[in-house]
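Next come the chains, spelled out residue by residue.
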Amino acid sequence: MPAEYSLSPHGVKFRLPSPKDYGKEFERLKALVRQQRSLGREIVVAMGLGFVGAIMAAVVADTEDEKGNPTKFVIGMQRPSTRSYWKIPLLNRGMSPVKSEDPEVDPMILRCVNEKKSLVATFTYDALKLADVVIVDIQCDYLKETLGNVREGQVNMADLEESLGIIAEHISPDSLVLIETTVAPGTTEQVAYPIMRKVFHKRGIQKDPLLAHSFERVMPGKQYVSSIRNFWRVCSGINEEATRRAVKFLSEVIKTDEYPLTVLDRPIESETAKIVENSFRAAILAFLDEWSLFAERNGVDLIKVIDAIKIRPTHSNIIFPGPGIGGYCLPKDGGLGLWAYRHIHGFEDDIFKITPLAIDINDTRALHVAQLTRDALRNMGRPLAAAEILVLGASYREDVGDTRNSGSELIVRRLTEMGAELRVHDPYVLHWWEFEKQDEYPSPARSLKRFFRNQERLANLHVEPDLKNALRGVDAVIFAVKHEPYLDLNPDEVMEFAGGPMAVIDCFGILDDARIKRYFELGCEVKGLGRGHVKRIKDQVREEREQMYQRARVRARIQRPRTDDRRRP
Ligand SMILES: NC(=O)c1ccc[n+]([C@@H]2O[C@H](COP(=O)([O-])OP(=O)(O)OC[C@H]3O[C@@H](n4cnc5c(N)ncnc54)[C@H](O)[C@@H]3O)[C@@H](O)[C@H]2O)c1
């Protein structure tokens, strides 16, 4: 059989392990673990080296006692699939498998792998046999079948269920299994527990698996590590021993003296806390969508309204939604709750109104940006079809390179469908895989491509690294993400780079009134999500221009002598 390879995003090819590599790899791990145990270190296996698992593994590996000695030895375990295997050799070289804007990530991984020797990565499930603690950080996706209707979707439990079975087949009955994955509420007790218990029984183990749940609140961005280590956690185990072990473990790796742990009675409460927390956030964001339209149609600047409200301490967390709510969690987590109610707990009635509505609103908010772009171009007498449009920002929030479920993706897809030619610039994103690999990323069944027509050419959409080049000759520019480098862009320069007036669409309250005014003065058209006051600024510019012309006409009349005056002797 020919060897298979896994290609890293940096373009490095790694050969997938062959069956004979497994035995050797387990021997390597056993030797390492023997040595680490003699140093008194606890053995932790982190399953799933994705955005969360890779960093959590390093945070655990970085744990020290008062004398500065590592207290844990972490084996990061990752499936050797063509898509993900590269993460293993990369981590073993001391390199982070996930790109992060946090300057702490790279040195922490390098330190743990090369200096402390407290972190390795592997592909063999046999590593689980050596674990005192297993942390589960694999994905649990929610697959939507329609755009804008979360009810028509389902949780993909297969990976998680399979992983739990594998864990039960390998671990010692005394290992703690800490599920950090965001799961459908009820999963730990009603899915994980029976799967694991059945396997334990087959293995002749009478003891219950030591299962607990504690969800991640990690935030991509500059505080990535800190959002794991220096942050409040919630946890709960399926029995007293599991809870006690989870509390002990988390207290050792997270700064629980400053950020106390909340211990709940049952795992379903910890699982529900995660879902409610994110559904709450999704709902307050969705709530502003209708007020955003109200503002656009009634001359109101929603940005200023929000700032005015925020001053009141009880309302300080009101936030402007931007062009859709992305990231991995908010678009899916409410769906996990809806699904659990029916498919884990067996209820038939429909109690959920706000949670699905919020997700549906957030999932489709970006489509309105295409309408604003169309209208702005129309006001300039330019058709949208074949217009050159630049989207500034590909990621889902400011100053991160994470493009998962970003509003910008939908903007690009809809405008392409409507016939426009799209370009993109983002200072934090090198490759926008949702387009470059749109037939396989995030998975063949999940690309948003399936909801739009005429998407084929978007496989050639490359992120333009130079803003000046990106702007050359554009008909419209869409400020889609509040990245820092976009905040101070000077309208005169933007127009100079573009080579003439263009439509300017502000999706995030990025432009202040002075800039909006300047764009109008330069002959551009401006529109923005929730920014109804731009019309007032446009009228003001028109009036000022009219007054200027009038003054010029008067001046010209005064300077030009009248014909009958000239005739006079
Ligand atoms: N990314 C975030 O910002 C964030 C924040 C909070 C919570 N979460 C939650 O954390 C969980 C993980 O999210 P993520 O962003 O890290 O996902 P991810 O897709 O980046 O990572 C999951 C990893 O698990 C691996 N994997 C799957 N099955 C495996 C198996 N059987 N054995 C070993 N490895 C396996 C995958 O190959 C992948 O590398 C999710 O439940 C998510 O909702 C994510």
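Since the structure is predicted, the reported quantities are computational estimates derived from the model, not experimental observations.

What counts and what doesn't
- Residues numbered from 1 in each chain as written.
- Predicted model: local features only at pLDDT ≥ 70, side-chain atom pairs only at ≥ 80, totals over all residues.
- Heavy atoms only, no water.
- Helix = DSSP H or I, 4+ residues; strand = E, 2+ residues; numbered from the N terminus.
- Buried < 20%, exposed > 50% of the residue type's maximum accessible area, 1.4 Å probe, protein only.
- Contact = heavy atoms within 4.5 Å.
- Areas by Shrake-Rupley, 256 points an atom, 1.4 Å probe, with all protein chains shown as cover.
- Lys, Arg positive; Asp, Glu negative; His and termini not counted.
- Charge placed at Lys NZ, Arg CZ, Asp CG, Glu CD.
- Pairing = 2+ DSSP bridges.
- Axes fitted to C-alpha atoms, helices over the stretch in contact; angles between N-to-C directions.
- Near = heavy atom within 4 Å.
- Polar contact = N/O pair within 3.5 Å; in protein donor to acceptor, adjacent residues only side chain to side chain.
- Nonpolar A, V, L, I, M, F, W, Y, C, P; charged D, E, K, R; others polar.
- Core = buried A, V, L, I, M, F, W, Y, C linked by side-chain atoms within 4.5 Å.
- Salt bridge = Lys/Arg side-chain N within 4 Å of Asp/Glu carboxyl O.
- Phe/Tyr/Trp six-rings, centres within 6.5 Å; stacked < 30°, edge-to-face > 60°.
- Lys NZ or Arg CZ within 6 Å of the ring centre and 35° of its normal.

Peer 1: What is the right way to read the overall build of the protein from this model?
Peer 2: Counting its secondary structure elements, the protein contains 21 helices and 18 strands. Counting only C-alpha atoms, the protein reaches 125 × 50 × 50 Å along its principal axes. A total of 569 residues make up the protein; the buried ones form 54% of that total. Taking contacts inside the protein between residues at least 6 apart in sequence as the whole, the part at least 24 apart equals 76%. Carbon and sulfur atoms provide 52% of the accessible area of the protein, an area that totals close to 26100 Å². For the protein, the separation between the mean place of its 82 positive charges and that of its 82 negative charges on side chains is 4 Å.

Peer 1: Help me understand the sheet that holds strand 12 (residues 262-263), please; the structure alone is not making it clear to me.
Peer 2: One open sheet holds the eight strands; their spatial order is 5-4-3-6-9-10-11-12, and the pairing between them is mixed. The outermost strands of the open sheet, each flanked by one partner alone, are strand 5 (119-122) and strand 12. Bridge count for strand 10 (residues 210-213) against strand 11 (residues 234-237) is two bridges, and the pairing is antiparallel. Paired with alanine 212 across the strands is glycine 237, a residue of strand 11. Sitting on the sheet, helix 5 (residues 158-170) is in contact with strand 3 (42-47), strand 6 (133-136) and strand 9 (176-179), with an inclination near 175 degrees to strand 6.

Peer 1: I keep staring at the site of the ligand and nothing clicks. Help me out?
Peer 2: Surveying the vicinity of the ligand reveals 26 residues, the closest of which are Gln78, Lys87, Thr182, Lys332 and Arg404. In this structure, a nitrogen atom belonging to the ligand sits 3.1 Å away from a side-chain N or O atom of tyrosine 125. In this structure, an oxygen atom belonging to the ligand sits 3.4 Å away from a side-chain N or O atom of glutamine 139. Its residues assigned to classes, the shell around the ligand comprises eleven nonpolar, eight polar and seven charged.

Peer 1: Is there a simple way to explain the nonpolar core in this structure?
Peer 2: Across soluble globular proteins, nonpolar side chains show a tendency to be buried alongside one another. In this structure, Ile389, Ile478, Phe479 and Met502 are the most contacted members of the largest nonpolar core, which totals 69 residues. The greatest single-element share of this core, amounting to six residues, is contributed by helix 13 (residues 367-379). By size, the runner-up hydrophobic cluster in this structure holds 48 residues, among which are Val150, Leu164, Ile171 and Leu338.

Peer 1: Whenever I open this one, the side chain of histidine 483 confuses me. Can you help?
Peer 2: Within the secondary structure, histidine 483 sits in the loop between strand 16 (476-479) and helix 17 (484-487). The residues touching histidine 483, leaving out its near neighbours within four places in the chain, are Gly393, Ser395, Arg397, Glu398, Asp399, Val400, Asp426, Pro427 and Tyr428.

Peer 1: Would you mind showing me how to read the sheet that holds strand 16 here?
Peer 2: The pairing of strands in a sheet happens through backbone hydrogen bonds and is either parallel or antiparallel. Spatially, the six strands line up as an open sheet ordered 15-14-13-16-17-18, and their pairing is parallel. Strands with a single pairing partner mark the edges of an open sheet, and in this sheet they are strand 15 (463-464) and strand 18 (525-528). Where strand 17 (residues 503-506) meets strand 18, four bridges bridge the pair, whose relative direction is parallel. Directly across from isoleucine 505, in strand 18, lies its bridge partner lysine 527. Its contacts with the sheet place helix 19 (residues 513-521) against strand 16, strand 17 and strand 18, and it is angled at close to 145 degrees to strand 18.

Peer 1: Even after reading the chapter, I still don't get the pattern of salt bridges, so can you show me in this structure?
Peer 2: When the charged atoms of two side chains with opposite charge come close together, those side chains can pair. Throughout the structure, instances matching the rule amount to 49 salt bridges. Arginine 28 is the salt-bridge partner of glutamate 25, the closest N and O atoms lying 3.0 Å from each other. With glutamate 25 and arginine 28 both in helix 1 (residues 19-38) and three residues apart, the pair spans about one turn of that helix. In this structure arginine 28 comes out as partly exposed when scored by relative accessible area, which is 33%. The residue arginine 37 makes a salt bridge to aspartate 132 at a minimum N-O spacing of 3.0 Å.

Peer 1: Even after reading the chapter, I still don't get the packing of aromatic side chains, so can you show me in this structure?
Peer 2: To describe a pair of aromatic rings, one takes the distance between the centres and the angle between the planes. Summed over all chains, the structure comprises nine aromatic pairs. Feature note: the residues Tyr22, Tyr85 and Phe123 constitute an aromatic cluster, connected by ring pairs. Taking NZ or CZ as reference, lysine 13 lies 4.6 Å from the ring centre of tyrosine 5, over its face. The aromatic ring of tyrosine 328 is capped on one face by lysine 332, whose charged end is 4.7 Å from the ring centroid.

Peer 1: What's the story with the environment of aspartate 62 in this structure? I'm lost.
Peer 2: Looking at where aspartate 62 falls in the secondary structure, it is placed in the loop between helix 2 (53-61) and strand 4 (72-77). Sequence-wise, aspartate 62 and isoleucine 109 are 47 residues apart; in three dimensions their C-alpha atoms are separated by 8.5 Å. When residues no more than four places from it in sequence are discounted, the contact partners of aspartate 62 are Met108, Arg111, Cys112, Lys116 and Arg229. Polar contacts involving the side chain of aspartate 62 include one to the side chain of lysine 116, which spans 2.7 Å.

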